[in-house]
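# Topology and contacts: notes
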Amino acid sequence: MNLHEYQSKKLFAKYGVPVPEGKVARSPQEVYEIAKELGGPVVVKAQVLTGGRGKAGGVKLAQTPDEAQALADEILGMEIKGHKVLRVLVDPASEIKQEIYLGVTNDRAARKPVLMASAEGGVEIEEVNRRSPEKIIREHIDPFLGLRDYQIRNLAYGIELPRELWKQFARVAHGLYRCYVESDATLAEINPLIVDGSGNLLAVDGKMSVDDNALFRHPDLAEMRDTSAEPPAETEARAAGLSYIKLDGEIGCMVNGAGLAMTTMDMTKLFGGSPANFLDIGGGAKAETVAAALRIILSDPNVKAVLFNIFGGITRCDEVARGILAALADVQADLPMVVRLVGTNEKEGRQILDEANLPNMITASTLADAAKKAVAAAKSA
Ligand code: GDP
Ligand code: MN
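What you are looking at is a predicted structure, and each value in this text was computed from that prediction instead of being measured.

In terms of helices and strands, the chain carries 13 helices and 19 strands. Projecting the C-alpha coordinates of the chain onto the three principal axes gives extents of approximately 80 × 50 × 35 Å. Of all 381 residues assigned to the chain, the portion counted as buried reaches 48%. Sequence-distant contacts, at least 24 apart, represent 68% of the contacts inside the chain between residues at least 6 apart. Put simply, the chain shows about 18200 Å² of open surface, and 51% of that area lies on carbon and sulfur atoms. Of the side-chain charges in the chain, 44 are positive and 52 negative, and the distance between the mean point of each set is 3 Å.

This is the structure we're talking about:
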């Protein structure tokens, strides 16, 4: 789960990282009020879950509250890389003497977090990495020892930070790293960390990604999720406890197990189709879960056929069959459904479906057979 800039910076501030004291607004009028309250020039910033807002015209400086209001009117409702701007952050504008990059992420290959700094802040770090990777200084952190002061000095030295800022830099680095660890984040990034007009460090942009699998122990962070930025089907799927990712193909896939789900998607491609989604209903799914999953699949207008590939282990095929019928009882669907049920209670499952006698139900015995039939059904639909 990604956090917005304003959320990330609020979190950073709790860990002693200096941030501008701005506020979030949803309307130009609110922006006017905030700008007036802050006094002086402000920066109006689109809050969308994507980078490069500056380049896209989503970050603008305003000298007066009137100007801030006018800019907010332009920025609110704008689309940046497919994300509609519903909120803006209004921060007091800073004078920028230097832009630094500081970020911590998980280096899977090293099996350690890595703290990275660069004197080339402000631009996307991926770009710096492509152009001149030597300009990014990296320190891997032993999770048991934590971030050591000498490592921070290495970074400060490497980016040629003036000595008088080293103490502040250490506070920011420690704060960011603690924030990263204690939030179970996979990324915590300040870009840019600026040297402001009075010669102090200030985090003017912030970005965080939090590990979804750890959200259960961070209810305060889980609450920050912005569902307006994701397809409604994904929100619904999460509520039903399903792993669902919307894709743009035409074959809806309902599978138990992530590996089997990926195999099923590959098989539809192998036979010339393409999957409309990734969906893992999990082990031991009950009829209600299956029904919820089918409703989600059918809510996608691109779907022309549904492919069920259920390998019954903990999941019982008869439960799945009942789930399919339950969903079809309240969702009107006449598109073709190819069903492959094998494993625990497969006979009972097939019998339930046979007895329902649905004209659009096609059964299959192997995965290849099922994928072929689903592709053919989608093509002729
Ligand atoms: P991003 O483009 O999505 O990464 O958004 P940022 O928050 O990083 O803003 C982009 C750029 O706008 C920064 O690199 C700065 O150069 C500039 N910027 C942001 N805030 C201020 C500010 O308060 N004052 C000035 N002068 N420039 C700012
Ligand atoms: Mn930035």
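Now that the structure has been shown, the text picks up again.
It is worth spelling out helix α12 (residues 346–356) at this point. Every buried residue of α12 is listed here: Gly349, Ile352 and Leu353. Relative to the axis of α12, the buried residues are bounded by an arc of 90° and lie together on one face. Exposed residues lying more than 90 degrees from the buried face of α12 are Lys347, Asp354 and Glu355. Of the surrounding elements, those touching the buried residues of α12 are α11 (317–330), β18 (337–343) and β19 (361–363). Positive phi shows up at Asn357, right after α12, with a value of about 55°.

In the neighbourhood of ligand 1, 15 residues make up the surrounding shell, with Lys45, Arg53, Gly54, Ser94 and Glu99 lying closest. Gly54 has a polar backbone atom sitting 2.8 Å from an oxygen atom of ligand 1. If ligand 1 stood free it would expose 560 Å²; the protein chains cover 81% of that surface. Looking at the shell around ligand 1, the elements with two or more residues in it are β3 (42–46), β4 (59–62), β8 (96–107) and β11 (185–196). Residues that form the shell around ligand 1 fall into these classes: 6 nonpolar, 5 polar and 4 charged. Shared between two domains, the shell around ligand 1 holds at least three residues of each, these being domain 1 (21–92) and domain 2 (96–222).

Moving on: the coordination of the manganese ion (ligand 2). Those donors, Asn191 (O) and Asp205 (OD), are the protein atoms that reach the manganese ion (ligand 2), and they lie 2.2 Å from it. Here Asn191, found in strand β11, pairs with Asp205, found in the loop between β12 (201–203) and β13 (207–210); they are 14 residues apart in sequence, far enough to count as distant.

Moving on: the nonpolar core. Inside soluble globular proteins, nonpolar side chains tend to come together where they are buried. One finds Leu102, Phe169, Leu193 and Met208 to be the most contacted residues of the largest nonpolar core, which totals 39 residues. For this core, the elements supplying multiple residues, two or more each, are α1 (5–14), β8, β9 (112–118), α5 (149–158), α6 (166–182), β11, β12 and β13. Here this core gets 9 residues from one element, more than from any other, and that element is α6. Look past the residues within four positions of Leu193 in its chain and what remains in contact with it is Gln98, Glu99, Ile100, Leu102, Phe169, Val172, Leu201, Leu202 and Ala203. If you look at the next biggest cluster of nonpolar residues, it comprises 34 residues, including Met254, Ile281, Ile297 and Ile324.

Time to look at the sheet that holds β4. One key point about sheets: their strands pair by backbone hydrogen bonds, in either a parallel or an antiparallel sense. Pairing is antiparallel across the open sheet formed by 4 strands, whose spatial order is β2-β7-β3-β4. Looking at strand neighbours, the two that pair on one side only are β2 (23–25) and β4, the edges of this open sheet. Recorded for the sheet is a direction-independent mean angle of 25° between the axes of neighbouring strands. Where β3 lies against β4, 4 bridges are found, and the strand directions are antiparallel. Looking at β4, one finds that Val44 is bridged to Lys60. Packed on one face of the sheet, α1 meets β2, β3 and β7 (88–92) and runs near 45° to β7. With respect to the sheet, helix α3 (residues 65–75) is in contact with β3, β4 and β7, its orientation differing from that of β4 by roughly 165°.

Below, the discussion takes up the packing of aromatic side chains. According to the stated counting rule, one finds 1 aromatic pair in the structure shown. Ring centres 6.2 Å apart and planes at 25° place the aromatic pair Tyr177 and Tyr180 in the stacked group. Residue Tyr177 and its partner Tyr180 are both found in helix α6; the two are separated by 3 residues, about one turn of the helix. Looking at Tyr177, the relative accessible area reads 8%, which means it is buried.

Conventions we followed
- Residues numbered from 1 in each chain as written.
- Chains lettered and ligands numbered in written order.
- Predicted model: local features only at pLDDT ≥ 70, side-chain atom pairs only at ≥ 80, totals over all residues.
- Heavy atoms only, no water.
- Helix = DSSP H or I, 4+ residues; strand = E, 2+ residues; numbered from the N terminus.
- Buried < 20%, exposed > 50% of the residue type's maximum accessible area, 1.4 Å probe, protein only.
- Contact = heavy atoms within 4.5 Å.
- Areas by Shrake-Rupley, 256 points an atom, 1.4 Å probe, with all protein chains shown as cover.
- Lys, Arg positive; Asp, Glu negative; His and termini not counted.
- Charge placed at Lys NZ, Arg CZ, Asp CG, Glu CD.
- Arc of directions from axis to C-beta.
- Near = heavy atom within 4 Å.
- Polar contact = N/O pair within 3.5 Å; in protein donor to acceptor, adjacent residues only side chain to side chain.
- Nonpolar A, V, L, I, M, F, W, Y, C, P; charged D, E, K, R; others polar.
- Domains from an automatic or database assignment.
- Donors = N, O, S within 2.8 Å, 3.2 Å for Na, K, Ca; no water.
- Core = buried A, V, L, I, M, F, W, Y, C linked by side-chain atoms within 4.5 Å.
- Pairing = 2+ DSSP bridges.
- Axes fitted to C-alpha atoms, helices over the stretch in contact; angles between N-to-C directions.
- Phe/Tyr/Trp six-rings, centres within 6.5 Å; stacked < 30°, edge-to-face > 60°.

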